[in-house]
Amino acid sequence: ICTDWGSVGQWQWPEYFPDCAGTSQSPVDVVTTQTKYDPSLGPVTPLGYDQHNNRPFTLYNNGHTGNYSTPCGGGAALSVQLHLHWGSGGPGRGGSEHTINGLSADAELHVVHYNSELYPNMSAAVTQPDGLAVLGILIAGEETNPAFNNILSYLSRIRHKTLIPAFDVQSLLPKDLRRYYRYNGSLTTPPCHQSVTWTLFRERVQISKAQMETMLHSSRAEDDDGKMLQDNYRAIQPLHHRVVLTSFSAGQIDTKKRKC
Ligand SMILES: *[C@@H]1O[C@H](CO)[C@@H](O)[C@H](O)[C@H]1NC(C)=O
Ligand SMILES: *[C@@H]1O[C@H](CO)[C@@H](O)[C@H](O)[C@H]1NC(C)=O
């Protein structure tokens, strides 16, 4: 949907990475009238995030996006990476990868987990259909969100690898963990493996305009390859045969104030 110079390269991904031309690619546009309520989808219960509380996170730059990896630990669905995707247009101009009824959010955070019950590490899981689970968090630029300062203050310093103090990953998630969209998709960057069970939260997480600006400024810093860290979001991919499931029915009463 956005074809400025910063994202032109993605049209050529399939030449080098065949999976990028697959029929279960991400991101997608969630058309809410075409979703299907699945009552078996319970609340998301983040497990094991506190295991990282007293360990620093390794932050490194893969030339495409801010990329955080945590030391390994136990747990069935290990959180191993955080990615931020944003646009260069500023608040209100879009930058999220997933869209809802055609509308993008200002930015989108991905918390990547791999299935550690079946696979020994991320590289083994990333090619398997049941390998990864990614939480997608849509971000809107309004209220200041202290939880995001950890990520934002380090974005501008990314070169190759740096340590950032440990923080509680759960604090980056929305409060409402009950209502989300679920579908089978892919990595949104090459090699685009179709190994991701996506959970896209309905509630957006707020960050302030100032925090959004921090993100945009850091995106203007060139990395070592001379590529600009900006507009790092992929165009919407066709759903093909897929149906997006929801954990909530349309008529469900608002549970925003519920403690999860
Ligand atoms: C991941 O696990 C596979 C299979 O056990 C192993 O061959 C590979 O070396 C591991 N990779 C890393 C990066 O640890
Ligand atoms: C994802 O694919 C698996 C395997 O085909 C299927 O069992 C599951 O229902 C799919 N999930 C969604 C959300 O469509």
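Here the structure is a predicted model, which is why all the values come from computation and not from measurement.

### Section: the overall build of the chain
Here is step 1 of the chain: The helix and strand tally for the chain stands at 4 helices and 14 strands.
Here is step 2 of the chain: The proportion of buried residues among the 260 residues of the chain is 48%.
Here is step 3 of the chain: Across the chain, contacts joining residues at least 24 apart in sequence account for 74% of those joining residues at least 6 apart.
Here is step 4 of the chain: By element, 52% of the accessible surface of the chain is carried by carbon and sulfur atoms, the whole surface being about 12300 Å².

### Section: the site of ligand 2
Here is step 1 of the chain: Taken together, Arg182, Tyr183, Asn184 and Leu245 form the complete shell of residues around ligand 2.
Here is step 2 of the chain: Protein contact buries 35% of the 360 Å² of open area that ligand 2 shows by itself.
Here is step 3 of the chain: When residues in the shell around ligand 2 are grouped by element, the largest group, 3 residues, is from strand E11 (residues 180-185).
Here is step 4 of the chain: Along the lines of polarity and charge, the residues of the shell around ligand 2 split into 2 nonpolar, 1 polar and 1 charged.

### Things to note about the state of the cysteines
Here is step 1 of the chain: A full pass over the atoms with the stated rule returns 1 disulfide.
Here is step 2 of the chain: The side chain of cysteine 20 participates in a disulfide bridge whose partner is cysteine 192; the two sulfur atoms lie 2.1 Å from each other. Judged by the torsion about the S-S bond (80°), the cysteine 20/cysteine 192 disulfide is right-handed. You can see cysteine 20 sitting in the loop between helix H1 (13-16) and strand E1 (29-30) and its partner cysteine 192 sitting in the loop between E11 and strand E12 (196-201), a full 172 residues away along the chain. Cysteine 192 shares its class with cysteine 20; the two are buried.

### Some words on the nonpolar core
Here is step 1 of the chain: By size, the foremost hydrophobic cluster in this structure holds 25 residues, and its most contacted members are Leu109, Val111, Ile139, Phe148, Phe201 and Met215.
Here is step 2 of the chain: Looking at this core, the elements that each hand over two or more residues are strand E5 (77-86), strand E8 (107-115), strand E9 (132-142), helix H3 (149-155), strand E13 (205-208) and helix H4 (209-220).
Here is step 3 of the chain: Those residues in contact with leucine 109 that lie beyond four places of it in its chain are Leu82, His83, Leu84, Leu135, Gly136, Ile137, Ile139, Phe148, Ile151 and Leu172.
Here is step 4 of the chain: Within the second largest apolar cluster, 20 residues are counted, among which are Val30, Ile100, Leu187 and Trp198.

### Concerning the site of ligand 1
Here is step 1 of the chain: The local shell around ligand 1 consists of Pro120, Asn121 and Ser123.
Here is step 2 of the chain: Residue asparagine 121 places a side-chain N or O atom 2.4 Å away from an oxygen atom belonging to ligand 1.
Here is step 3 of the chain: Protein contacts shield 27% of the accessible area of ligand 1, which totals 360 Å² for the unbound molecule.

### Points about the confidence of the model for the chain
Low pLDDT means the predicted atomic positions in that stretch should not be read closely.
Here is step 1 of the chain: Residues with a pLDDT of 70 or more make up 65% of the chain, whose mean pLDDT is 75.
Here is step 2 of the chain: Under a pLDDT of 50 for its full length, residues 1-8 has, in the predicted model, 12 contacts with residues more than four places off or in other chains.

Cut-offs applied
- Residues numbered from 1 in each chain as written.
- Chains lettered and ligands numbered in written order.
- Predicted model: local features only at pLDDT ≥ 70, side-chain atom pairs only at ≥ 80, totals over all residues.
- Heavy atoms only, no water.
- Helix = DSSP H or I, 4+ residues; strand = E, 2+ residues; numbered from the N terminus.
- Buried < 20%, exposed > 50% of the residue type's maximum accessible area, 1.4 Å probe, protein only.
- Contact = heavy atoms within 4.5 Å.
- Areas by Shrake-Rupley, 256 points an atom, 1.4 Å probe, with all protein chains shown as cover.
- Near = heavy atom within 4 Å.
- Nonpolar A, V, L, I, M, F, W, Y, C, P; charged D, E, K, R; others polar.
- Disulfide = S-S within 2.5 Å.
- Core = buried A, V, L, I, M, F, W, Y, C linked by side-chain atoms within 4.5 Å.
- Polar contact = N/O pair within 3.5 Å; in protein donor to acceptor, adjacent residues only side chain to side chain.
- pLDDT = per-residue confidence, 0-100.

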